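Each chain, letter by letter, is given below.
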Amino acid sequence: MKASIANTSLMLKVLAIRYGIPELNRISGFHEVSKHFDEFGIKKGLGYAYHRPGEIHDPKEELQENNAKGFPNDDPHYFRAKIDSYLVKVAEQYGCIIYQNTPYGATDINDQGVILNVSAQHQIEAKFLIDGSGPRSQFVTERDLRRSNITLRTNTCSIYNHMEDVRAFDDLIERRSKEDVLPVLFSEQTLHHVFDGGWAWVIPFDNNRLSTSRACSVGVQLDLNKYTIDMKDDLG
C-alpha cells in the first residue's frame, strides 16, 4: 500500500495508543510523516479521469473524492522503501528477530505450532505462521494449499514501476471555464486514468515542497480479454 486513506491514519493512531507503540504515530498522517521522513507525497483524495482513444480529454469526464472538510490531517503517499525499513527497525526494537534473504527448507506443523528449517543446524519455532510471500509462495506450493476452483479469478495484467520527473496531469488539461476547475489538483491526489479495458494509477512522492523525492509510482492494469500482451516480447 502506497496511498493511505483517512481510516488508515486513524487506525494507526488507535493502534499506537491501544498497544503502546508510539512509533506508529510517525506514519499516521501527512504531517506526522513529513516530520520524520524525507520522501513522501501528499494525498488530498482520489481522482479519476476518463480517456477515449484519439480524443482530447474532456474535463466533464472527471471525478474527485476529496478528503472530508474539517478532518485534521491530509493523508500521505508512502514511499515504501523508507517506510518499510523504518517499520522493520521498530519491530526489532520491540524484540522481533528479523531474517532477510534467508531461504528455508521443509516446514513441520503440529499441535504446538510450526517449525521452519532454515538450515541443517538451525530451526525457527513459532506458534503460528503468517505467509505474506504472494502467489509464488513456497509454503503454499509445498502443501498444495492453492485452491483450483476460484470463481473470481480475473484475466488481467499489471505493469508498474517508479519513474522520475513525471509531469503533472493538471498542466496538460485545458480548463475552458470556471465550471471545469476542480477544488483540488489531480497532482495532490491518487490519480486514476481510466479507459476502456483498463486503468492506470499515478501516485506522486514529489507533489509537496517538504519532500526531497523526484519519484512517482506509475502502474497500469489491463483486461487481457481486450489487450493481447506478450510479456517476453513486449517488456523484454
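Within any chain, residue numbers begin from 1 and follow the written order of that chain's sequence. For a predicted model such as this one, the threshold for reporting local features is a pLDDT of at least 70, and the threshold for listing and counting side-chain atom pairs is 80 or more; totals across whole chains, interfaces and linings nevertheless cover every residue. Side-chain calculation: all heavy atoms of the structure are included, whereas hydrogens and water are not.

1. A few points about the sheet that holds strand β6 (residues 113-119)
Here we have three strands laid out as an open sheet, ordered β5-β6-β7, and antiparallel in their pairing. Across the chains shown, the open sheet's two edge strands, defined by having one partner strand only, are β5 (107-110) and β7 (122-126). Neighbour to neighbour, the strand axes of the sheet diverge by 20° on average, direction disregarded. Any two strands between which DSSP finds at least two bridges are classified as paired. In this text, helices come from DSSP runs of H or I with a minimum length of four residues, and strands from runs of E with a minimum of two, each type numbered from the N-terminal end. For helices, the fitted axis covers only the stretch in contact; all axes are lines through C-alpha atoms, and the angles between them, taken along N-to-C directions, range from 0 to 180 degrees.

2. Structural notes on the layout of surface pockets
We place a 1 Å grid over just the protein atoms. Points where a 1.4 Å probe fits but has no way out form a cavity, open points with protein on both sides within 12 Å along at least 5 of 7 lines form a pocket, and any residue with an atom within 4 Å of a point lines it. Grid points are joined across faces, edges and corners, and a volume is the space filled by probe spheres set on the points. As a volume, the largest pocket reaches approximately 730 Å³. Lining the largest pocket are 24 residues, with Y99, L116, I124, L129 and I130 positioned closest to its centre. For the lining of the largest pocket, the secondary structure elements donating two or more residues are β6, β7 and α4 (138-142). Among the elements that make up the lining of the largest pocket, the one with the highest residue count is β6 (three residues). Here the second largest pocket is characterised by a volume of approximately 240 Å³. In terms of lining, the second largest pocket is formed by 15 residues, of which the most central are V166, R167, A168, F169 and S187. Secondary structure elements with two or more residues in the lining of the second largest pocket: β9 (190-195) and β10 (198-204). Gly falls in the polar group here, along with every residue not listed as nonpolar (Ala, Val, Leu, Ile, Met, Phe, Trp, Tyr, Cys, Pro) or charged (Asp, Glu, Lys, Arg). Of the residues assigned to the lining of the second largest pocket, the class counts are nine nonpolar, three polar and three charged.

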